[in-house]
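Examining the three-dimensional arrangement
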Amino acid sequence: MAGAAAPAAAFSTLAPPLEQLRHLARELRLLLLGVRVGEAQETTKEFNRETFWRRLNEAAVEVSREATTLTEAFSRLPLPSPQETQRFCEQVHATIKAIIAVYYSLPKDQGITLRKLVRSATLDIVDGMAQLVQVLFITPAQSPENNDLISCNSVWVACQQVPRIPRDNKAAALLMLTKSVDFVKDAHEEMERAVDEYDPYCGLLNDTEEDTSDNHGDEEDDVLVSLNNRDLYWSEEDQELIIPCLALVRASKAGLKKIRISVAENGKKDQVAQLDDIVDISDEISPSVDDLALSIYPPMCHLTVRINSAKLVSVLKKALEITKASHVTPQPEDSWIPLLINAVDHCMNRIKELTQNELEL
């Protein structure tokens, strides 16, 4: 009798199902924090690339399967028993720890850029599972809100992305450089669109010519007030300054494209450190372009434009110099890089000329 009572007592101490899910969500959040700051495991065992990717893919499939099982169990009534819930939670926790362990087994010498992509994919999976668990314990089973939230959950999407991760550091570098090119291209197009479409006189002069009402004079006064408001449009000096800024952004876009081409044509998979350096500095170009793009909108502060232009020039020239000194530029003296640096310097000199008065105030 005493022996039979012991397991029953143990079962009775289990938390209710939804409370166990709440605890699991907290545990997953803690694991998430660990992945963000975790380092690769030091090991003397030789790294096998094929084995690593097979294990990572299998781990992602297991996570997806457990997410489906958990969802099916908690999306209908009655909810699983405390004992069944404990088993579900242990399985989810184990699969998440398993995929994290696979990520940690990727050595740094395989490339920091590649590790960042694998870490990002792992974080998306862990975060997606934590969100799913949270939905299951917060939203009542069988409710429309529950079904909508689950259908939009990212854990399955994140697991499906794992087979698409680049398999080596060169491929990872090309992916990141392509993203940088696209970001700068979008910023450049937005700047050009703003310049092409903006006309402070558009629709105002025609309206005033056709207006024969008694308040014609009052509306003309309103137009003049609007045109004199530098908070609403670019002055002639602003428009003159925008020209070299646009040229500088075009040079940034061209530089990133040429860097990407050099990596694609001449990059070597075993030169992971140099590829990482190129990607790291290139990643700084897009945010610098964004800062410059934002600073040209009215009311424009010429000093801010000058400062942001100088920051972009500094980052861009550094990226070009690092590329020139690396193995992806086999003949630096005959390369396109000096020509682009000259073009960048020309843009910056023009910006300095147009903003010199701001420094003298």
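Not measured: the values here are computed from a predicted model.

Some details on the packing of aromatic side chains
Inspection of the entire model under this criterion finds 5 aromatic pairs. Considering the side-chain rings of phenylalanine 52 and tryptophan 53, the 5.0 Å spacing of their centres and the 80° angle between planes classify their relative orientation as edge-to-face. Across this residue pair, the class does not change: phenylalanine 52 and tryptophan 53 are buried. Pairing phenylalanine 74 with phenylalanine 88 gives two aromatic rings, centres 6.3 Å apart and planes at 70°, and the pair type is edge-to-face. With a gap of 14 residues between them, phenylalanine 74 in helix 3 (residues 49-74) and phenylalanine 88 in helix 4 (residues 82-104) connect regions that are remote in the sequence. Across the pair, exposure class does not vary: phenylalanine 74 and phenylalanine 88 are buried alike. Joined through ring pairs, the aromatic side chains of Phe47, Phe52 and Trp53 make up one cluster.

Quick look at the pattern of salt bridges
Under the definition given, this model contains 11 salt bridges. Between glutamate 62 and arginine 65 there is a salt bridge, and its shortest N-O distance comes to 2.3 Å. Remark: arginine 65 and glutamate 62 occur in helix 3; sequence separation between them is 3 residues, near one turn of the helix. Using a relative accessible area of 42% as the deciding quantity, one classes arginine 65 as partly exposed. Ionic contacts of the salt-bridge type, sharing partners, join the residues Glu240, Arg350 and Glu353 into one network.

Some details on helix 12 (residues 272-282)
Because each turn of an α-helix spans 3.6 residues, side chains separated by three or four positions end up pointing in the same direction. Within helix 12, burial applies to Val272, Leu275, Asp276, Ile278, Val279, Ile281 and Ser282. Of the surrounding secondary structure, the elements contacted by the buried residues of helix 12 are helix 5 (112-138), helix 8 (169-197), helix 11 (236-266), helix 13 (285-295) and helix 14 (302-325).

A short note on the packing of helix 3 against helix 4
Put simply, helix 3 and helix 4 touch, their axes get as near as 9 Å, and they point 160° apart. Taken together, the axis directions place helix 3 and helix 4 in an arrangement best described as roughly antiparallel. As for the relative orientation of helix 3 and helix 4, their crossing is left-handed in sense. Residues Phe52, Arg55, Leu56, Ala59, Ala60, Glu62, Val63, Glu66, Thr69, Leu70, Ala73 and Phe74 of helix 3 pack against Thr85, Phe88, Gln91, Val92, Thr95, Ile96, Ile99, Val102 and Tyr103 of helix 4. The class makeup of the residues in the contact of helix 3 with helix 4 is 14 nonpolar, 4 polar and 3 charged.

Brief notes about the environment of glutamate 46
Within the fold, glutamate 46 resides in the loop between helix 2 (17-37) and helix 3. Taking the C-alpha atoms as reference points, glutamate 46 and proline 107, 61 residues apart in sequence, are found 9.9 Å from one another.

What counts and how
- Residues numbered from 1 in each chain as written.
- Predicted model: local features only at pLDDT ≥ 70, side-chain atom pairs only at ≥ 80, totals over all residues.
- Heavy atoms only, no water.
- Phe/Tyr/Trp six-rings, centres within 6.5 Å; stacked < 30°, edge-to-face > 60°.
- Buried < 20%, exposed > 50% of the residue type's maximum accessible area, 1.4 Å probe, protein only.
- Helix = DSSP H or I, 4+ residues; strand = E, 2+ residues; numbered from the N terminus.
- Salt bridge = Lys/Arg side-chain N within 4 Å of Asp/Glu carboxyl O.
- Contact = heavy atoms within 4.5 Å.
- Axes fitted to C-alpha atoms, helices over the stretch in contact; angles between N-to-C directions.
- Parallel < 35°, antiparallel > 145°, perpendicular 65-115°, else oblique.
- Left-handed = near helix turned anticlockwise from the far one by under 90°.
- Nonpolar A, V, L, I, M, F, W, Y, C, P; charged D, E, K, R; others polar.

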